[in-house]
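Each chain is listed here by its residues.
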Amino acid sequence: MRARRIRRSSRLLTFVVALVTGVVTVAAIALALPSDTPRKVTVAQSAAIEPRPTTIGIADADIYGMSEADVDRTLRAMGNTNVKTVRLMIPWAGVEPIQGQLNWSMVDKTVNAAAARGMSILGFINSTPAWAVGPGGLPISGHPASADAYGEFAAKVAARYKGKIAAYEIWNEPNAVQFWTPSPDPAAYTALLRAAYPRIKAVDPSVTVIGGVVGSVVDWGNLIWNPVRFLKGMYEAGARDYMDALSFHPYHYSLKFSDGVPVANSPVQQLMEMRAVMVANGDSGKKIWATEYGQPTSAVDEAGQTAYLKDMWTKWQELPYTGPLYIYTTRDRNTGSSSDQDTFGLLRTNWTPKQAQQALQFAIPAGPPKSAEYQRFAQITDAAHGTVLSPVFKAGSTAWAQMRTVNTLWEIPGSGMVTSPTPVAKVALARLGVPKTKFANGYQDFTAPAPFRVWWSEATGAHWASEGFAQNYVPELGLATSDETYLNGYNRVDFQHGYMTWQPWIGFKVVLN
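Residues numbered from 1 in each chain as written. Predicted model: local features only at pLDDT ≥ 70, side-chain atom pairs only at ≥ 80, totals over all residues. Heavy atoms only, no water.

Asks: Looking at this structure, how should I read the packing of helix 6 (residues 186–203) against helix 7 (residues 227–236)?
Replies: The relative placement of two packed helices is expressed as an angle between their axes plus a distance between the axes. At a minimum axis distance of 8 Å, the contact between helix 6 and helix 7 shows a crossing angle of 60°. Relative to helix 7, helix 6 is oriented oblique. The way helix 6 lies across helix 7 gives a crossing that is right-handed. Contacts from P186, Y189, T190 and L193 of helix 6 reach helix 7 at F230, G233 and M234. (Axes fitted to C-alpha atoms, helices over the stretch in contact; angles between N-to-C directions. Helix = DSSP H or I, 4+ residues; strand = E, 2+ residues; numbered from the N terminus. Parallel < 35°, antiparallel > 145°, perpendicular 65-115°, else oblique. Left-handed = near helix turned anticlockwise from the far one by under 90°. Contact = heavy atoms within 4.5 Å.)

Asks: Would you mind showing me how to read the sheet that holds strand 17 (residues 485–487) here?
Replies: Reading across the sheet, the four strands line up as 17-18-19-20 and stay open at both edges, with antiparallel pairing between neighbours. Only two strands of the sheet have a single neighbouring strand rather than two, namely strand 17 and strand 20 (507–512). Direction aside, neighbouring strands of the sheet carry axes that sit 30° apart on average. The pairing of strand 17 with strand 18 (residues 490–495) spans three bridges and is antiparallel. Directly across from T485, in strand 18, lies its bridge partner R492. (Pairing = 2+ DSSP bridges.)

Asks: What is the right way to read the packing of aromatic side chains from this model?
Replies: Aromatic ring pairs are defined here through the distance separating the ring centres and the angle between the ring planes. All told, the structure shown has 26 aromatic pairs when counted by the stated rule. Aromatic pair F469 and F508: ring centres 5.0 Å apart, planes at 85°, arrangement edge-to-face. One end of the pair, F469, is in helix 13 (residues 467–472); the other, F508, is in strand 20, with 39 residues separating them in the sequence. Of the aromatic side chains, those joined through ring pairs into one cluster are W92, W104, W131, Y150, F153, Y161, W171, W180, Y189, W225 and F230. (Phe/Tyr/Trp six-rings, centres within 6.5 Å; stacked < 30°, edge-to-face > 60°.)

Asks: Would you mind showing me how to read the domain arrangement of the chain here?
Replies: Accessible area lost during the coming together of the parts is what is often quoted as the interface size. By domain assignment, the chain separates into domain 1 (56–368), domain 2 (370–439) and domain 3 (450–512). Here the C-alpha centroids of domain 2 and domain 3 sit 25 Å apart. Listed by partner, the interface residues are nine residues for domain 2 and six residues for domain 3. Of the roughly 720 Å² buried at the junction of domain 2 and domain 3 (both faces included), carbon and sulfur atoms supply 77%. Seen at the junction of domain 2 and domain 3, the total is one salt bridge. Among the ionic pairs, E467 bridges to K436, the shortest N-O distance being 3.9 Å. Seen at the junction of domain 2 and domain 3, the total is zero residue pairs in polar contact (both at pLDDT 80 or more). Sorting elements by how many residues they give to the side of domain 2 that touches domain 3 places helix 12 (residues 422–430) first, with four residues. For the side of domain 2 that touches domain 3, a count of residues per class yields six nonpolar, one polar and two charged. (Domains from an automatic or database assignment. Buried area = accessible area lost by both parts, 1.4 Å probe. Salt bridge = Lys/Arg side-chain N within 4 Å of Asp/Glu carboxyl O. Polar contact = N/O pair within 3.5 Å; in protein donor to acceptor, adjacent residues only side chain to side chain. Nonpolar A, V, L, I, M, F, W, Y, C, P; charged D, E, K, R; others polar.)

Asks: Quick question: what am I supposed to make of the pattern of salt bridges here?
Replies: One side chain can pair with another of opposite charge once the charged atoms of both are near each other. With the rule as written, the count across this model stands at 21 salt bridges. The shortest N-O distance in the salt bridge between R87 and E292 comes to 2.7 Å. Linking R87 in strand 2 (residues 85–91) with E292 in strand 7 (residues 288–293), this pair joins segments that are 205 residues apart in sequence. Just as R87 is buried, E292 falls in that class too. (Buried < 20%, exposed > 50% of the residue type's maximum accessible area, 1.4 Å probe, protein only.)

Asks: Would you explain the packing of helix 2 (residues 68–80) against helix 4 (residues 105–116) in this entry?
Replies: Running from N to C, helix 2 and helix 4 cross one another at 40°; their axes reach a closest spacing of 10 Å. Considering only the axes of helix 2 and helix 4, their crossing is right-handed. Across the interface between the two elements, E68, V71 and L75 of helix 2 pack against K109, T110, A113 and A114 of helix 4. For the contact of helix 2 with helix 4, the residue count by class is four nonpolar, one polar and two charged.

Asks: Where do I start with the environment of V177 in this structure?
Replies: Note on placement: V177 falls in the loop between strand 4 (167–170) and helix 6. A residue is classified by how much of its surface remains accessible, and V177, at 2% relative accessible area, is buried. Residues V177 and G137, spaced 40 residues apart in sequence, show a C-alpha to C-alpha distance of 9.8 Å.

Take a look at the structure:
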């Protein structure tokens, strides 16, 4: 029942495929499920989910609809990987395809089987039945016409699986039209949170209710919303008091998680920006869970998949504001396929393990090992640098760095630890720079393919200019108030007390006010 994800490439094709798939699937659900309610099976209560970044589980939506034998085999494969927590789908459209006729058999099969093994369960409640779709929406992906109707269904889920499901996510990736038609709407999504949260908590106050469930995508008209923009819309609509945590799906097929720190709109940059939005809205105490992350072996080979996943589970735990991580998924749909959707598995289609499965199997028992570079940075505990914002990442060919909320730390060979105000570091990283000097007198010089200087203060912001401007700068100018720009045949930088220009055959000119 899982549709193709929207990625940075082939967005329109994915969009069309997802909508067509949604229409076909809802009809299949209505035909496949009987309307009579099966008996409720009672099993032992499952464990709670440890809300730590070292908690690693598997997200497996494909298990929904499997035969009992394949459900058991899939969960056994998770157990063999030392996984003790699983993310399962609870589709409203599958349980109640006809209004008032609920059939829990498909969900019972997966939830009870996981609970019987003592696994903690995260359930995501998604997909709108045709009878409940709002104006302009399509079955499954359409926004519910009534948030209260969705909330009442969520309460029924919580009542049925009380003591078995430890956490619930409200929907799945509502920031893209693939999962929310006719177009993403943070206010409408927040209405679901406001309807579901109190009803679930009234049934089972112990469960964690998770909001957002946003995917790492970039803005594309009004059909796809960057998760940062979507989260801001959620807070504007009053989401703060209706979620215990936020969740995020930081997929990127061509960029490892930690390598994205200097890259605009990368998943880790979006994560840091969402954290800033949460802090600004008084939610600094809430964690961000990664409830789906995977790397298909159609995009890289099996060794590459292992490298991507290792980077994720190693670097994710370096952040103080992150929660559990769920790897997508247990088994390939079709090993060897060129489709990303077929090759996310830790196991091949024939149930044999890939390299990544074996790496995860050994990483989980003692917790993923902390990287040597992280341990070096962890020794820097001066509170003046602020709290950790990014994982430790490679900055240039030989330097390591870590962003904190006040300063960014750089480990430079031969120079030891050097600091930059984090706004300065953000400008420098975007220009592939590494510190050449210490930050002093309001500026810092950086080595790069094209060396430059960055000036900064809270009042003026961070602004850069090329090395020539730095060499001809005079302190009487004050700090830069603009970046270097090209205008009418010359380059110019504005300062607090004047400006500088450069023209061919004329050179640099300093003008004081």
